[in-house]
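# Descriptive structure summary
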Amino acid sequence: MKILHTADWHLGKRLQEFSRLEEQKLVLEEIIQIADREEVDLVLLAGDIFDTFNPNHEAVELLYKTLKKLSKDGKRPVIAISGNHDSTQFVEAPDPLAREMGIFFYSRYDSVIPPGKLDNGIEVTISEPGFVEICLPKYSFPIRIILAPYANEVLLKTYLGEGDREAEFREVLANKWGKIADTYCDDKGVNLFMGHFFFMKEGGPVEPEPESERPILHVGGTQALFTHNIPNQIQYAALGHLHRYHAVGKNPFPVVYSSSPLAYSFSEADQQKQVIIIEAEPGKAVDFRAVGLEKGRPLYRKTFDDLSATLLWLEQNPYCFVEITFVTEHSIDAATRKAIMKAHDGIVSLIPQIKNPQGQESLSLKVEDLGKDMVTLFNMYYKSEKGQEPNTELIGIFKEVISQE
């Protein structure tokens, strides 16, 4: 069977003042086309469906329309878990209706997907908290999925004692998952894990979390779970949270972050966004491959020291978002700033970089400086940050601000 793994859609997310909704529509349509072209049997959406706990109605509408198409009007099951950006109540609210379309939302560890056969032939044969087994009409073997949506201390407090909370958190989840796997995950079915956590190999390097992502802090400040916490019966672990493709491990089975469908911060500017296609059958190692996504504006970080070169690059790259650092002897003058900002509709930031700033070595704050007046301190701060004195207009604005305090 074929499975598509995707994650971190962050529907409704903005890049500062720029909406990404139209790009999200395009890239989600691209994912639908990949699923159809590859004749995928099952879709896994590994958390951070929305960007906020209270998504706007456009983001909600986009989700429902996309999942309806992904499910092929109920013929292809879609299983979605919540991430740390999602509201557990909001994500699970449409589940009773969505289930009739073969779409299963799962966001709480104590939730149970009701067993039974749907009109489309998909059957939930076994279900308990954190686990579901489904059968598709096309296959004689079942698909088992350990479900691990993001869980914070509030959701897990009934399980935890007062000892080493970090180690206990890992142990509680590993024991829970291990018990499920020992009970249900033999080699007569396809065994999958889907989670929204920060996983790493114990003792290995710590992968940076994306700038646009809230760092996952679990109980007692736990930063990561370990790959060996996932049971060995699993054939593929589909993860969400990191926004770039990352195979945390491949032995004894792949543990994979698929990536977000769009670049959501400039730290992701050089990343190829993609979905993962998995080919799986009972009792055998899976094959998996990444399929690149092309829709949406790329993000660039560019540095220039010449206005004409800046304008030429902007003209040659009209469809993107860009953070520009402009190297200058002084602050960027109004005419230069206006010319750059007028030349492109995707400039997110225009940052001055002062060449050879003078006097910074003597600008560190000393105890004796604390007695100086506010205007003098502001002058010192501005010069240390910008490499030059603030102009008269700026000083006037600062004086107006402090006079109102």
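The rules behind these values
Residues numbered from 1 in each chain as written. Predicted model: local features only at pLDDT ≥ 70, side-chain atom pairs only at ≥ 80, totals over all residues. Heavy atoms only, no water. Helix = DSSP H or I, 4+ residues; strand = E, 2+ residues; numbered from the N terminus. Buried < 20%, exposed > 50% of the residue type's maximum accessible area, 1.4 Å probe, protein only. Contact = heavy atoms within 4.5 Å. Areas by Shrake-Rupley, 256 points an atom, 1.4 Å probe, with all protein chains shown as cover. Pairing = 2+ DSSP bridges. pLDDT = per-residue confidence, 0-100. Axes fitted to C-alpha atoms, helices over the stretch in contact; angles between N-to-C directions. Parallel < 35°, antiparallel > 145°, perpendicular 65-115°, else oblique. Left-handed = near helix turned anticlockwise from the far one by under 90°. Nonpolar A, V, L, I, M, F, W, Y, C, P; charged D, E, K, R; others polar. Core = buried A, V, L, I, M, F, W, Y, C linked by side-chain atoms within 4.5 Å. Polar contact = N/O pair within 3.5 Å; in protein donor to acceptor, adjacent residues only side chain to side chain. Salt bridge = Lys/Arg side-chain N within 4 Å of Asp/Glu carboxyl O.

## A closer look at the overall build of the protein chain
Assigned secondary structure in the protein chain consists of 10 helices and 21 strands. When each of the 405 residues of the protein chain is scored for burial, the buried share is 54%. For the protein chain, long-range pairs separated by at least 24 residues make up 66% of all intrachain contacts whose partners lie at least 6 apart in sequence. Within the structure as shown, the protein chain displays about 19200 Å² of accessible surface, and the carbon and sulfur contribution to it stands at 51%.

## Structural notes on the pairing of strand β1 (residues 2-6)
Within β1, 5 of the 5 residues are buried, which leaves the element mostly enclosed by the surrounding structure. Neither face of β1 is open: one carries K2, L4 and T6, the other I3 and H5, and all of them are buried. With 4 bridges joining them, β1 and strand β17 (residues 274-279) adopt antiparallel strand pairing. Along β17, the bridge assignment pairs K2 with E279. For β1 and strand β4 (residues 42-46), the ladder comprises 4 bridges, and the chain directions are parallel. Counted as the bridge partner of I3 is L42 from β4.

## Quick word on the confidence of the model for the protein chain
This prediction gives the protein chain a mean pLDDT of 86; 87% of its residues lie at or above 70. Between the elements of the protein chain, mean pLDDT differs from a low of 58, seen in helix α5 (residues 153-156), to a high of 98, seen in β1. Of the regions scoring below 50 in pLDDT, residues 217-222 engages in 19 contacts with residues more than four places distant in sequence or in other chains.

## Examining the packing of helix α7 (residues 307-316) against helix α8 (residues 334-342)
Any two packed helices are characterised by the angle at which their axes cross and by the distance between the axes. One way to put it is that α7 packs onto α8 with a least axis distance of 9 Å and a crossing angle of 15 degrees. The pairing of α7 with α8 is recorded here as roughly parallel in orientation. α7 and α8 meet at a crossing whose hand is right-handed. Of the residues in α8, those touching α7 at L307, T310, L311 and L314 are T336, A339 and I340. Grouping the amino acids of the contact of α7 with α8 by side-chain chemistry returns 5 nonpolar, 2 polar and no charged.

## Concerning the nonpolar core
Core analysis: the biggest nonpolar cluster contains 33 residues, and L4, W9 and L70 have the highest contact counts within it. In terms of residues, this core owes the most to one element, helix α1 (residues 21-37), which gives 7 residues. In terms of nonpolar packing, the next biggest core, distinct from the first, is built from 32 residues, I113, Y236, V256 and A280 among them.

## A look at the side chain of S265
Along the polypeptide, S265 turns up in the loop between β16 (255-257) and β17. Among the polar contacts made by the side chain of S265, one reaches the side chain of S267 at a distance of 2.7 Å.

## As for the pairing of strand β14 (residues 236-239)
In the case of a regular strand, side chains alternate between the two sheet surfaces. Because side chains alternate across β14, one face comprises the buried residues Y236 and A238, and the other comprises A237 and L239, equally buried. Bridge analysis of strand β11 (residues 190-195) against β14 gives 4 bridges, and the strand direction is parallel. Note that in β14 the partner of F193 across the bridge is A237. Pairing of β14 with β16, which is carried by 3 bridges, proceeds in the parallel orientation. Each residue of the ladder has a partner; that of A238, found in β16, is V256.

## Points about the pattern of salt bridges
Following the criterion strictly, the structure yields 18 salt bridges and no others. The partner of K69 in a salt bridge is E29, and the shortest N-O contact between them spans 3.3 Å. Of this pair, K69 sits in helix α2 (residues 57-70) while E29 sits in helix α1, placing them 40 residues apart in sequence. Here K69 falls in the partly exposed class, since its relative accessible area comes to 45%. Looking at E29, the relative accessible area reads 29%, which means it is partly exposed. The partner of K284 in a salt bridge is E281, with the nearest N and O atoms 3.7 Å apart.

## Thoughts on the sheet that holds strand β20 (residues 321-328)
Across the sheet, 3 strands lie side by side as β19-β20-β21; this open sheet has parallel pairing. This sheet does not close on itself; its edge strands, each paired only once, are β19 (299-304) and β21 (347-354). Each strand of the sheet is rotated relative to its neighbour by a mean of 15 degrees, with strand direction disregarded. Note that β19 and β20 share 6 bridges and pair parallel. Counted as the bridge partner of L299 is F321 from β20. In this fold α7 packs onto β19, β20 and β21, with an angle of close to 170 degrees to the strand it touches most, β20. Of the strands in this sheet, β20 and β21 touch α8, which is tilted by about 150 degrees from β21.

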